[in-house]
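# Reading the structure
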Amino acid sequence: MNRLCGLVAEILGVDVGEVNPETGPLVLPPWDSLNHMRLVAAIEETYSVQLTTDEITNVLSVSDFATLLRERGVRVD
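First, a word on what this report is: a plain description of the structure on this page. Starting from 1, residues in each chain are numbered consecutively following that chain's sequence as written. Reporting in this predicted model follows two pLDDT cut-offs: at least 70 for local features of residues, and 80 or more for side-chain atom pairs to be given and counted; totals over whole chains, interfaces and linings ignore these cut-offs and use all residues. Hydrogens are left out, water is left out, and the side-chain values use all remaining heavy atoms of the structure.

## Digging into the packing of helix H1 (residues 2–12) against helix H2 (residues 33–47)
What counts as an axis is a line fitted to C-alpha atoms, over the stretch in contact for a helix, and the angles between N-to-C directions run from 0 to 180 degrees. A run of DSSP states H or I qualifies as a helix once it reaches four residues; a run of E qualifies as a strand once it reaches two. Both are numbered from the N-terminal end. Packing of H1 against H2 leaves a shortest axis separation of 10 Å and a crossing angle of 140°. In terms of axis orientation, H1 runs oblique to H2. Judged by the sense of rotation from one axis to the other, the crossing of H1 with H2 is right-handed. Residues Arg3, Leu4, Leu7, Val8, Ile11 and Leu12 of H1 pack against Asn35, Arg38, Leu39, Ala42, Ile43, Thr46 and Tyr47 of H2. We call Asp, Glu, Lys and Arg charged. Ala, Val, Leu, Ile, Met, Phe, Trp, Tyr, Cys and Pro are nonpolar, and the rest, Gly among them, are polar. Residues belonging to the contact of H1 with H2 are distributed by class as follows: nine nonpolar, two polar and two charged. Throughout, the term roughly parallel applies to angles under 35 degrees, roughly antiparallel to angles over 145, roughly perpendicular to angles from 65 to 115, and oblique to all others. Crossings are sorted by hand: turned counterclockwise from the far helix by less than a right angle, the near helix makes the crossing left-handed, and turned clockwise it makes it right-handed. Contact criterion: two residues are considered in contact whenever any of their non-hydrogen atoms come within 4.5 Å of each other.

## Remarks on the side chain of histidine 36
The topology assignment puts histidine 36 in helix H2. Apart from the residues lying within four places of it in its own chain, the contact partners of histidine 36 are Trp31, Ile56, Val59 and Phe65.

## Here's the deal with H1
Owing to its 3.6 residues per turn, the α-helix brings residues three or four apart onto one side. Relative accessible area decides the class of each residue, using a 1.4 Å probe on protein chains only: under 20% of the type maximum gives buried, over 50% gives exposed, and in between gives partly exposed. Those residues of H1 that fall on the buried side of the exposure criterion are Leu4, Cys5, Leu7, Val8, Ala9, Ile11 and Leu12. Looking at the buried positions of H1, the neighbouring elements they touch are H2 and helix H4 (62–71). Within two residues after H1, glycine 13 carries a phi angle of roughly 70°, on the positive side.

These results come straight from atomic positions and should not be treated as a statement about function.
What follows is the structure, encoded as structure tokens:
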């Protein structure tokens, strides 16, 4: 999960210490709609996956991204 949290921190321009599995747009102001799409693009590229529109709109936390990745057989470290 450290790699995923680091990626989220990098895209949102925040310290990695501010990101944990429960972090999401409701608790971290930089996680707005534009940055949400930037996160999706970065995660898709980094982990070689493609998320559906429904999945993208239903993600509410780093943990949700991790769950989607695991469902595709991606190891989330």
